[in-house]
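# Notes for the structure review
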Amino acid sequence: MNTSIVGRHIELTEPIKDYINSSVEIFKKYNLDIISVNSIISQEEKNGRKAFTFEFTLNIAHLDTVVVKQKDKDLYSAIDIAVDRVSKVLRRHHDKITAHKATKLTEVTAAEMEDEIANELEKLDSEIFPVRLTSYKPIDIEEALEDLKGSDAQFKVFYDKDDNMRVLYKSSDEGKFGLY
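First, a word on what this report is: a plain description of the structure on this page. Because the structure is predicted, anything quoted here is derived from the model rather than measured.

Reading the values: rules and limits
- Residues numbered from 1 in each chain as written.
- Predicted model: local features only at pLDDT ≥ 70, side-chain atom pairs only at ≥ 80, totals over all residues.
- Heavy atoms only, no water.
- Patch = residues over 30% accessible without salt bridge, like charges linked within 9 Å, V, L, I, M, F, W, Y side chains within 5 Å.
- Areas by Shrake-Rupley, 256 points an atom, 1.4 Å probe, with all protein chains shown as cover.
- Salt bridge = Lys/Arg side-chain N within 4 Å of Asp/Glu carboxyl O.
- Helix = DSSP H or I, 4+ residues; strand = E, 2+ residues; numbered from the N terminus.
- Pairing = 2+ DSSP bridges.
- Right-handed = clockwise from strand over helix to strand, strands pointing away.
- Core = buried A, V, L, I, M, F, W, Y, C linked by side-chain atoms within 4.5 Å.
- Buried < 20%, exposed > 50% of the residue type's maximum accessible area, 1.4 Å probe, protein only.
- Contact = heavy atoms within 4.5 Å.
- Axes fitted to C-alpha atoms, helices over the stretch in contact; angles between N-to-C directions.

## Here we look at a nonpolar patch on the surface
Residues F155, Y169 and Y180 make up a contiguous nonpolar surface patch of about 370 Å² in total accessible area. Counting through the fold element by element, F155 comes out in strand 5 (residues 155-159).

## Regarding the pairing of strand 1 (residues 2-8)
Alignment of strand 1 against strand 2 (residues 34-46), held across seven bridges, turns out to be parallel. Each residue of the ladder has a partner; that of N2, found in strand 2, is S36. Read from strand 1 through helix 1 (residues 14-25) to strand 2, the crossover connection turns out left-handed.

## Considerations on the nonpolar core
Core analysis: the biggest nonpolar cluster contains 24 residues, and F27, I34, F54, F56, L58 and L90 have the highest contact counts within it. Elements that contribute at least two residues to this core include exactly helix 1, strand 2, strand 3 (49-60), strand 4 (66-72) and helix 2 (75-99). Ranked by residues supplied to this core, first place goes to helix 2 with seven residues. Setting aside residues up to four positions removed in sequence, F56 forms contacts with V24, F27, V37, N38, S39, V66, V67, V68, A82, V83 and V86. I139, A144, L148 and F158 belong to the second-largest nonpolar core, a separate cluster that totals five residues.

## Considerations on the sheet that holds strand 3
Judged by pairing direction, the sheet is mixed, and its four strands sit side by side in the order 1-2-3-4 without closing on themselves. The outermost strands of the open sheet, each flanked by one partner alone, are strand 1 and strand 4. Along the sheet, successive strands turn relative to each other by an average axial angle of 10°, direction set aside. Across seven bridges, the pairing between strand 3 and strand 4 is antiparallel. The residue of strand 4 that forms the bridge with E55 is K69. Against the sheet, helix 1 touches strand 1, strand 2 and strand 3, its axis set at about 140° to strand 1. In the packing of helix 2 onto the sheet, contacts are made with strand 2, strand 3 and strand 4, and the angle to strand 4 comes to roughly 150°.

## Let's talk about the pattern of salt bridges
Taken as a whole and assessed by the stated rule, the structure comprises five salt bridges. The salt bridge involving E44 is made with K71; its shortest N-O contact spans 2.8 Å. Placement of the pair is E44 in strand 2 and K71 in strand 4, with a sequence separation of 27 residues. A salt bridge links D160 to R166; the nearest nitrogen and oxygen atoms lie 3.2 Å apart.

Next comes the structure, spelled out in structure tokens:
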């Protein structure tokens, strides 16, 4: 993990650098692939009041860049609050990764999969009968109606002249037909 500390309009002392480096060490406990941590400290003065802005920029593999800015009148409290906010983001990402318990493909044996597929197909064999369409060429609805009247089938699936798949079926009322 690469770390850098930059001070803008402020002199970086050793205690400040040590405090930031010890704060960055907290991020290692999440076991994420943190590529770099950039810390930027800036000081500004408005109306005679000093304010510190502390910014963390974390580059993490397989995750977007995390940027946290914190502004406070005390530098150390700004660092602490920013560390807490970054820790919250890292903890959520770590929990998301560890909570996902996907079964690896290597854990599933091919024999188990084949047995399950064979059992499912045996269940369906008694219920599903494959029927092949006799004609894939488009026909008129009147022609399909004559074919259905002349056969013992309950329905006829065909393509009409507009290449739409249609179903013509015998209705429960004697001599009536339905069309989808």
